[in-house]
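# Commentary on secondary and tertiary structure
Below are the chains, spelled out letter by letter.
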Amino acid sequence: MAVLEVKDLHVEVVDQEKKISKEILKGVNLTVKTGEIHAIMGPNGTGKSTLSETIMGNPRYHVTSGQILLNGENIVGMPVDERARKGLFLAMQYPAEVPGVTNTEFLRAAINARRPKDNPVPIREFLQELDKNMDLLDMKQSMTERYLNEGFSGGEKKRNEILQMLMIKPSFGILDEIDSGLDIDALRVVARGVNAMRGDNFGALMITHYQRLLDYIVPDVVHVMMGGKVVKDGGPDLAKKLEDEGYAGLRDELGLDI
Ligand code: ADP
Ligand code: MG
Ligand code: MG
């Protein structure tokens, strides 16, 4: 079993326009184990993407105090590629376009970067796996030879992030709004991909605005973030309650003025 722990995490970013740094995360605590799917909900601008980017190691986000532990090892300060080799994967809210690199090339490179240098993935095995996962996600074969995310629709980008996750098989997937901009059919397909990963060797931190996603991917734990902190933990019923009462209800219940 693998464990990802976030302990009293404080994070600042530098506001490019105002040239000042501001604290976004103000003491986040949570623990995810393989075998579990956790959902993080919370209003816009509360720091959900900041948390995802910081766990993955985006250098724009400065950890001022606290820890991120992967199997007990503090990974704060570790470069992104090393975190990836240790089993972390981030499906970004806004996946980047990479002209000149095809989807297939990217996937093989990403998989091989996580394997010993003298033992790259055998081509046949790679292609079989790719075929199987693209079938699962109802993706067209032509997607493999297109440049990574270039000209992909919103839905295609999200499917492609899930394809990467299925191929790379991380221990932990951080999924930042994989449901945004998806129609109901695409949402089902993306959920099918995530559910296919479910099992003893995979854990997820799944960020969403909408309870709807959680009908398809039923989480074990739901966290609510507000004002740069996790303010409440619960089960799937917590997400339903939020859908009914909104964040205002929770603010009142907890006596928060954020
Ligand atoms: P969420 O994902 O919950 O909507 P974000 O983490 O994207 O929230 O943003 C939280 C706050 O941090 C917002 O006020 C946002 O403007 C700010 N922020 C996030 N990333 C950056 C950045 N790279 N530069 C400047 N401000 C940022
Ligand atoms: Mg947002
Ligand atoms: Mg966000």
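Residues numbered from 1 in each chain as written. Chains lettered and ligands numbered in written order. Predicted model: local features only at pLDDT ≥ 70, side-chain atom pairs only at ≥ 80, totals over all residues.

## Thoughts on the UniProt feature "domain: ABC transporter" (unreviewed entry) in the chain
The UniProt record annotates "domain: ABC transporter" (unreviewed entry) at residues 4-252. From the first C-alpha to the last, residues 4-252 spans 31 Å; its make-up is 37% helix and 31% strand. (UniProt positions renumbered as here; feature names shortened; annotations may be inferred. Helix = DSSP H or I, 4+ residues; strand = E, 2+ residues; numbered from the N terminus.)

## Quick word on the nonpolar core
Here is a general trend for soluble globular proteins: nonpolar side chains tend to be buried in one another's company. In terms of nonpolar packing, the biggest core is built from 55 residues, with Ala 91, Ile 162, Phe 172, Ile 174, Ala 204 and Met 206 touching the most fellow members. The contact partners of Ile 162, leaving out residues within four places of it in the chain, are Ala 91, Leu 137, Ile 178, Val 190, Gly 193 and Val 194. (Core = buried A, V, L, I, M, F, W, Y, C linked by C-beta atoms within 7 Å. Buried ≥ 20, exposed ≤ 12 C-beta atoms within 10 Å, placed from the backbone. Contact = placed C-beta atoms within 7 Å.)

## Observations concerning the packing of helix H5 (residues 154-168) against helix H6 (residues 184-197)
Following both chains from N to C, one finds H5 and H6 inclined at 10°, their axes separated by 10 Å at the closest point. Relative to H6, the element H5 lies roughly parallel. Listed contacts from H6 to Gly 155, Lys 158, Arg 159, Ile 162, Met 165 and Leu 166 of H5 are Ala 186, Val 189, Val 190, Gly 193, Val 194, Ala 196 and Met 197. For the contact of H5 with H6, the residue count by class is nine nonpolar, two polar and two charged. (Axes fitted to C-alpha atoms, helices over the stretch in contact; angles between N-to-C directions. Parallel < 35°, antiparallel > 145°, perpendicular 65-115°, else oblique. Nonpolar A, V, L, I, M, F, W, Y, C, P; charged D, E, K, R; others polar.)

## Side note on the sheet that holds strand E9 (residues 172-176)
Reading across from one edge, E6-E9-E10-E3-E11-E12 is the order of the six strands in this open sheet, with mixed pairing throughout. On the outer flanks of this sheet lie strand E6 (88-91) and strand E12 (229-234), each paired with one strand and no other. Mean inter-strand twist for the sheet, computed between neighbouring axes without regard to direction, equals 20°. Here strand E3 (residues 37-41) runs beside strand E11 (residues 221-226); their pairing, made up of four bridges, is parallel. Each residue of the ladder has a partner; that of Ile 40, found in E11, is His 223. Helix H1 (residues 48-56) contacts E3, E6, E9, strand E10 (203-207) and E11 of the sheet and is inclined by roughly 150° relative to E9. (Pairing = 2+ DSSP bridges.)

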